[in-house]
Amino acid sequence: MKSVYIPVGSVTGTATAVAQRVAEVLTESGHQVVVDKQPSIAAMTAQGFDAVLIITATTGQGDIPDNLLPFYLSLGEQMPLQNGKPFGVIALGDSSYMNFCGGGEKMEERFFELQGQAPVPKVTIDATETITPDEDALFWLQEWVEKVLN
């Protein structure tokens, strides 16, 4: 089985709930999972994770939540190359705002800059269309697991 690092960017707790549900499903499938609400490069690289799965909300004008921002900035400063390591992004947002899911888009772009590989394009979950984002993420997760962890 594989190990997955899940950095979480949350404002109201919704992204955290999604991360916990995703981690539960991955753990039940036998994978090792670390959900990190204060992510760091050191935590991401220390255990040699097989994949990274970013789960983030969007705040402000398409911004990354405050708890995830230091990780994002550190990635840009230190540039820890991922050398083709797989990653995925579950982006949460509200389509009634400009820059819908901008936090997830920025994280995806950063991991592409670091030469990460996204076998499955990021998924966007719209708060105006669902009240169960934690369950909605599971359909995308199934495809991501098949392409990344099997």
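Attention now goes to the packing of aromatic side chains. Evaluated as defined, the whole model comprises 4 aromatic pairs. Centre to centre, the rings of Phe-87 and Phe-111 are 5.4 Å apart; their planes meet at 35°, and the pair counts as tilted. Within this pair, whereas Phe-87 is found in strand β4 (residues 87-93), its partner Phe-111 is found in helix α4 (residues 102-113), the two being separated by 24 residues in sequence. In this structure, Phe-87 and Phe-111 share a single accessibility class: buried. With 6.1 Å between their ring centres and 20° between their planes, Trp-140 and Trp-144 make a pair best called stacked.

Okay, the layout of surface pockets next. Size it by volume and the largest pocket reaches roughly 370 Å³. Taken together, 22 residues line the largest pocket, and the ones lying closest to its centre are Thr-58, Leu-92, Gly-93, Asp-94 and Ala-127. Put simply, the parts of the chain that give the lining of the largest pocket at least two residues each are α1 (14-28), β4 and β5 (123-126). For the lining of the largest pocket, the class distribution of residues is 11 nonpolar, 9 polar and 2 charged.

Counted according to the given criterion, the structure contains 6 salt bridges. Between Arg-110 and Glu-113 there is a salt bridge; the shortest N-O distance is 2.9 Å. Here the residue Arg-110 and the residue Glu-113 both occupy positions in helix α4, the gap between them amounting to 3 residues, near one helical turn. Notably, a salt bridge pairs Lys-147 with Glu-143, separated by 3.3 Å at the nearest N-O pair. Here Lys-147 pairs with Glu-143, and both are found in helix α5 (residues 133-148), just 4 residues apart, close to one helical turn. For Glu-143, a relative accessible area of 34% gives the class partly exposed. Bridged by salt links that share partners, the residues Arg-21, Glu-24 and Glu-135 form one connected network.

The 5 strands are arranged β2-β1-β3-β4-β5 in an open sheet whose pairing can be described as parallel. Looking at the sheet topology across the chains shown, the edges are occupied by β2 (32-36) and β5. Averaged over neighbouring strand pairs, the angle between their axes works out to 15° when direction is ignored. Direction of pairing for strand β3 (residues 51-56) relative to β4: parallel, over a ladder of 5 bridges. Residue Val-52 lies in a different strand from β4, and its bridge partner there is Phe-87.

What counts, and where the lines are drawn
Note on numbering: residues in each chain are counted from 1, in written sequence order. This being a predicted model, a pLDDT of at least 70 is required before a residue's local features are given, and a value of 80 or more before pairs of side-chain atoms are given or counted; all residues contribute to the totals for chains, interfaces and linings. The side-chain quantities take in all heavy atoms of the structure and omit both hydrogens and water. A pair of Phe, Tyr and Trp rings is counted when the ring centres sit within 6.5 Å of each other, with Trp represented by its six-membered ring. The angle between the planes then sorts it: under 30 degrees is stacked, over 60 is edge-to-face, the rest tilted. Each helix is a run of H or I in the DSSP string that is no shorter than four residues. Each strand is a run of E no shorter than two, and both are numbered from the N terminus. The buried label applies to any residue whose accessible area, calculated with a 1.4 Å probe on protein chains only, is under 20% of its type's maximum; exposed applies above 50%, and partly exposed to all values in between. Using a grid of 1 Å spacing that covers the protein atoms alone, one calls a set of points a cavity when a 1.4 Å probe fits there but cannot get out, and a pocket when the set is open and has protein on both sides within 12 Å along at least five of seven lines; lining residues are those with an atom within 4 Å of a point. Grid points are joined across faces, edges and corners, and a volume is the space filled by probe spheres set on the points. The nonpolar class holds Ala, Val, Leu, Ile, Met, Phe, Trp, Tyr, Cys and Pro. Asp, Glu, Lys and Arg form the charged class, and all remaining residues, Gly among them, are polar. Salt bridges are defined as contacts in which a side-chain nitrogen from Lys or Arg sits within 4 Å of a carboxyl oxygen from Asp or Glu. DSSP calls a pair of strands paired once it identifies at least 2 bridges connecting them. Each axis is a line fitted through C-alpha atoms, taken for helices only over the stretch in contact, and angles between the N-to-C directions span 0 to 180 degrees.

Structural measurements only, silent on function.
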